[in-house]
Amino acid sequence: MTLKPLVAYKVPFAMPDKLLYIETFGCQMNVNDSERIVTMLADLGYAPTGDPAFADMILLNTCSVRGGAEEKVYKRLANLRIYKRDGKSQIIGVGGCVAQQEGEELLKKFPYLDLVFGTHNLHLLPDMVRGAERGERRSETSFIDNDQRLDLFPSIKGQTRLSRFVTVMQGCDNYCSYCIVPFVRGREISRRSADILDEVRQLADEGVREVVLLGQNVNSYGLKSDNEPTFAELLRMVAEISGIERIRFTTSHPRDMSDELIACFSDIPKLCGQIHLPAQSGSDDVLKLMKRGYSRSSYLERVQKLKESRRDIAITGDIIVGFPGESDDDFEQTLSLLEEVRYIDLFSFIYSSRPGTKAAEFHEELTRAQKITRLDRLMELQKRITREICQTYLGSIQKVMVEGVGKRPAQVSGKADNGRIVNFSGDSGLIGSFVDVRITQAYQNSFLGEQI
Ligand code: SAM
Ligand code: SF4
């Protein structure tokens, strides 16, 4: 997923005299890191712009989770050469997972690149930028120790919106056989709960109404620390904070989806009825090869319990097709998993071999065309399931947190409790409020409704 450049933040610090263009690739962690970069560089006088042609500095915050995402970054980097204008020292930098993976090599490959900063080095960025302003080129990609990391969790000031990410953990220790994340994001670390709660309180004071607790596997939060609560306990603490009306979290690993956490969906009204629970495959043989640590039946048992805990919970998932060794029968089992779980939405990917991972050593039998055929069948099935589920919302009343104007004139837009976008006719004065809306049309990615 390539996200749109981040634009139009309120920058509360020094008067901006320089412009920063930042382009974010990949997951919510990168979106969050980009927001932190915007905050940090505002202190150096950089204000965000949506147009690289006007920027004094261009940064790419990159993703390497699949080969395609990485290639996109290289193409973009090659294009950026045109912005290195004569007579003006425009700074170009690369951060995130590709930077972590390639490091110094990027400086060699792209002579017009000034900065390379890894996933543990965001805090060095202001110093690196000052150096780049003096013409220095620098790469920083070392992993830092956990004690230091605890003090460096991203926290974002002065970009007030109704909904904000709050990082609760970073990195991942799971080493799923296909995944590069543990190599480029480092070991798993849980942030201090006191720091998380302080940040949420501060956000609530600034007018934030929804927090999305963020990490690669939030449900293992605190499990490796004697002094921290479990994730379920943390949720209950966040729910106590007045001003915060909605809580979401992402991402969950099915293996660590405890009964204690599932119970939160029935006990905490502020916790939204939405969960992202990636299965990756419906076949036990493939799940074993992927080193996922759960079986199809234990995954389905978790799903059943979630549905009992919150009757109308909206479940989304991730599936990888064409994993090495995935037979026709394994793939059929993935299709039948979709029918059993009934995801409201699914993110589906063709397996992509990643350097350094265990699965990169596995023999791949399927051709690209066979993988694409499987992906198409999977997406077709999911389209039908999404359509069927969304139709059941017709006529229902959804509480919508209004976050902005809609795409059509005189329309506003927000999210229902289940995370779906809802557009309805209304005045922009409604932004920031919670409105009851009757659903009149159900589309594949959104609902249309009318205020009641
Ligand atoms: N931590 C999350 C989890 O365990 O579910 C997901 C992190 S990963 C950035 C997001 C998704 O990318 C994964 O759930 C998986 O479906 C997909 N993914 C990761 N590595 C992949 C690979 N090598 N090829 C294809 N898809 C991949
Ligand atoms: Fe990757 Fe697995 Fe960790 Fe998710 S849990 S980030 S898929 S290694």
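Being a predicted model, the structure only gives us computed values, none of them experimental.

Colleague: An account of the site of ligand 1 is needed here, citing residue identities and associated values.
Modeller: Tyr178, Gln216, Gln280, Asp318 and Ser352 are the nearest of the 15 residues found near ligand 1. One of the side-chain N or O atoms of Arg292 is found 3.4 Å from an oxygen atom in ligand 1. Separating a nitrogen atom of ligand 1 from a backbone N or O atom of Ser352 is a distance of 2.7 Å. Contact with the protein chains removes 90% of the 560 Å² of surface that ligand 1 exposes when unbound. Of all the secondary structure elements, the ones that give two or more residues to the shell around ligand 1 are β13 (314-321) and β14 (345-350).

Colleague: Before we move on, can you summarise the sheet that holds strand β10 (residues 210-214) with the specific residues and values?
Modeller: Spatial ordering of the open sheet is given by β7-β10-β11, a layout of 3 strands whose pairing is parallel. In the strand order of this sheet, the two ends are held by β7 (163-167) and β11 (246-250), each with one partner. Going from strand to strand, the sheet's axes swing by 25 degrees on average, the running direction of each strand aside. Bridge analysis of β7 against β10 gives 5 bridges, and the strand direction is parallel.

Colleague: Give me the lowdown on the pattern of salt bridges, citing residues and values where you can.
Modeller: If the charged atoms of two oppositely charged side chains come close together, the side chains can form a pair. Tallied over the full model, the rule gives 40 salt bridges. One salt bridge in this structure joins Asp267 and Arg236, with 3.1 Å as the shortest N-O distance. Highlighted residues: Asp267 in helix α10 (residues 259-267) and Arg236 in helix α9 (residues 231-239), separated in sequence by 31 residues. According to the relative accessible area criterion, Arg236 is partly exposed, its value standing at 33%. In this structure, the salt-bridge partner of Arg384 is Glu388, at a minimum N-O distance of 3.1 Å. In this pair, Arg384 and Glu388 both sit in helix α14 (residues 368-391), 4 residues apart, roughly one turn of the helix. In the salt-bridge network here, residues are joined through shared partners; they are Asp127, Arg130, Arg138 and Glu140.

Reading guide: rules and limits
- Residues numbered from 1 in each chain as written.
- Chains lettered and ligands numbered in written order.
- Predicted model: local features only at pLDDT ≥ 70, side-chain atom pairs only at ≥ 80, totals over all residues.
- Heavy atoms only, no water.
- Near = heavy atom within 4 Å.
- Polar contact = N/O pair within 3.5 Å; in protein donor to acceptor, adjacent residues only side chain to side chain.
- Areas by Shrake-Rupley, 256 points an atom, 1.4 Å probe, with all protein chains shown as cover.
- Helix = DSSP H or I, 4+ residues; strand = E, 2+ residues; numbered from the N terminus.
- Pairing = 2+ DSSP bridges.
- Axes fitted to C-alpha atoms, helices over the stretch in contact; angles between N-to-C directions.
- Salt bridge = Lys/Arg side-chain N within 4 Å of Asp/Glu carboxyl O.
- Buried < 20%, exposed > 50% of the residue type's maximum accessible area, 1.4 Å probe, protein only.

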